[in-house]
Amino acid sequence: MIDMSGQIAVVFGVANKRSIAYSICESFAAAGATLVIGYQSERLKKDSEDLLESLGQTGKGKLVQCDVSKDEEIDGAFAEIKSSFPAIHTVVHSIGFAPNIKNAVLDTTRDDFRIANDISVYSLIALARGAAPLMIDGGTILTLTYYGAEKVFPNYNIMGVCKAGLEAAVRYLASELGPKNIRVNAVSAGPIKTLAARGIGDFNTILDVTTQRAPLHRNVEQSEVAGAAVFLASKLASGITGEITYVDCGFNVTGI
Ligand SMILES: NC(=O)c1ccc[n+]([C@@H]2O[C@H](COP(=O)([O-])OP(=O)(O)OC[C@H]3O[C@@H](n4cnc5c(N)ncnc54)[C@H](O)[C@@H]3O)[C@@H](O)[C@H]2O)c1
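Residues numbered from 1 in each chain as written. Predicted model: local features only at pLDDT ≥ 70, side-chain atom pairs only at ≥ 80, totals over all residues. Heavy atoms only, no water.

1. A few points about the overall build of the protein
The line we're drawing: Secondary structure elements follow DSSP: runs of H or I no shorter than four residues count as helices, runs of E no shorter than two count as strands, and numbering proceeds from the N terminus. Two things to know: the radius of gyration comes from C-alpha atoms, and the globule rule equals 2.2 Å times the number of residues to the power 0.38. We call a residue buried when its accessible area falls under 20% of the maximum for its residue type, exposed when it is over 50%, and partly exposed in between, using a 1.4 Å probe and counting protein chains only. Any two residues having at least one pair of non-hydrogen atoms within 4.5 Å are treated as being in contact. Note on areas: these come from Shrake-Rupley sampling with a 1.4 Å probe, and a residue is covered only by the protein chains present in the view.
Each helix and strand in the protein was counted, giving eight helices and seven strands. Against the globule reference of 18 Å for 256 residues, the protein gives a C-alpha radius of gyration of 17 Å, in line with a compact fold. The principal-axis extent of the C-alpha atoms belonging to the protein is close to 50 × 40 × 40 Å. Classification of the 256 residues of the protein by burial places 54% in the buried group. Considering only contacts within the protein whose residues lie at least 6 apart along the sequence, 74% involve residues at least 24 apart. Summing over all exposed atoms, the protein offers an accessible surface of approximately 11900 Å²; the carbon and sulfur share of this is 53%.

2. Some points on the nonpolar core
Under the convention used in this document: The nonpolar core is taken to be a set of buried Ala, Val, Leu, Ile, Met, Phe, Trp, Tyr and Cys residues, with the residues joined through side-chain atoms within 4.5 Å.
Membership of the largest hydrophobic core comes to 89 residues, with the highest contact counts inside it found for Ile 24, Phe 28, Phe 78, Ile 81, Ile 88, Ile 141 and Val 225. In terms of residues, this core owes the most to one element, helix H5 (residues 158–177), which gives nine residues. Apart from the residues within four sequence positions on either side, Val 225 is in contact with Ile 20, Leu 144, Val 187, Ala 189, Ile 192, Val 220 and Val 247.

3. Here we look at helix H2 (residues 42–54)
So the rule is basically this: Helices are assigned an expected span. That span is 1.5 Å times one less than the residue count. Within this analysis, the arc is defined by the directions that extend from the helix axis to the C-beta atoms.
Helix length check: H2 (13 residues) gives 19 Å between terminal C-alpha atoms against 18 Å at 1.5 Å per residue, within 8%. All of the buried residues in H2 are Leu 44, Ser 48, Leu 51 and Leu 52. On an axial view of H2, the arc spanned by its buried residues comes to 95 degrees, and they lie on one face. Along H2, the residues that are exposed and aim more than 90 degrees away from the buried face are Glu 42, Arg 43, Glu 53 and Ser 54. Considering only its buried residues, H2 is in contact with helix H1 (20–30), strand S2 (34–39) and strand S3 (62–65). Just beyond H2, the residue with positive phi is Gly 56, at close to 70 degrees.

4. A closer look at a nonpolar patch on the surface
The following threshold applies: Patch definition: residues above 30% relative accessible area lacking any salt bridge, with like charges linked at up to 9 Å and the nonpolar side chains Val, Leu, Ile, Met, Phe, Trp and Tyr linked at up to 5 Å. We define a salt bridge as a side-chain nitrogen of Lys or Arg found within 4 Å of a carboxyl oxygen belonging to Asp or Glu.
On the surface, a cluster of nonpolar side chains totalling about 230 Å² of accessible area is made up of Val 105, Phe 113 and Val 161. Val 161 sits in the partly exposed class, given a relative accessible area of 35%.

5. Looking at the packing of aromatic side chains
Cut-off, in case you're wondering: Here a Phe, Tyr or Trp ring, Trp counted by its six-membered ring, pairs with any other such ring whose centre lies within 6.5 Å, and the pair is stacked when the planes are under 30 degrees apart, edge-to-face when over 60, and tilted otherwise.
Following the criterion strictly, the structure yields seven aromatic pairs and no others. Taking 4.9 Å as the distance between ring centres and 65 degrees as the angle between the ring planes, the aromatic pair formed by Tyr 146 and Tyr 156 counts as edge-to-face. Linking Tyr 146 in the loop between strand S5 (139–145) and H5 with Tyr 156 in the loop between S5 and H5, this pair joins segments that are ten residues apart in sequence. The pair formed by Tyr 146 and Tyr 156 is uniform in burial state, with each residue classed as buried. An angle of 65 degrees between the planes, with centres 5.9 Å apart, marks the rings of Tyr 147 and Phe 153 as edge-to-face. Of the residues examined, Tyr 147 reaches a relative accessible area of 11% and is grouped as buried. Classification of Phe 153 as buried rests on a relative accessible area of 13%.

6. Section: H5
Relative to the 28 Å expected for 20 residues at 1.5 Å per residue, H5 spans 28 Å between its end C-alpha atoms, a close match to the ideal helical length. Taken as a whole, H5 has its buried residues at Ile 158, Met 159, Gly 160, Cys 162, Lys 163, Leu 166, Glu 167, Ala 169, Val 170, Leu 173, Ala 174 and Leu 177. In this fold, the buried residues of H5 make contact with strand S4 (90–93), helix H4 (110–131), S5, strand S6 (182–189) and strand S7 (244–247).

This is the structure we're talking about:
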């Protein structure tokens, strides 16, 4: 069992019980970490509040509002975190959004491209910049990506372009933050039915094809992605940075 006791883990991206971030919070708490949950808006606060309570972290952990499209909310969130905790150890960025994701890449407007990249890619950079000064003993930053960064998946569209940028950002951030002993990694999760996935047209086909072709012949569960997050956040992964770790039942190794 990995021991995260004494560690402060800040997790962004809990929308509901199906969120990958929700499972990551559960696994981090089970490993002993103290949680800070960054929720997007007042509308989503209750789910994070309930989660913190169910994990027995009310009063110990913390909630911060952070719409990552707003610099002042990112600054405010880290200022609030700093007021409670002198140092943090882990940040999870489990955030993605693309307006009109159903549009073909060819039909993506300048504005939709800008928003998708702002929320899904730039936010990792902005959160890393906010977190780094608080990682005084080093730390780990994790994001969530998808194989659509590398290969074309029907209906993934502009989000595939975003994920390619996100994965490149992981490598550059890993290089820049390595001297501060801050590791930056991504988990490439297989398809999971979440709120974000609902926006992807014909998502069930992606799930079906995975069960047919993945070496494990099934789809991955949130808890399995969370397990990899615990590992990557732990000292066991102290030599791993700038990497994309696949938790996809092996789908990415298959040809046909
Ligand atoms: N579900 C999948 O199949 C799958 C597979 C691989 C990777 N991922 C990635 O995992 C991450 C989490 O997605 P999920 O599947 O758990 O879905 P989800 O809908 O539960 O989580 C997406 C989160 O992004 C947050 N978000 C969106 N815009 C935001 C903003 N402006 N400010 C702050 N937060 C914002 C939402 O509040 C939500 O909590 C995403 O990056 C997604 O692309 C998902």
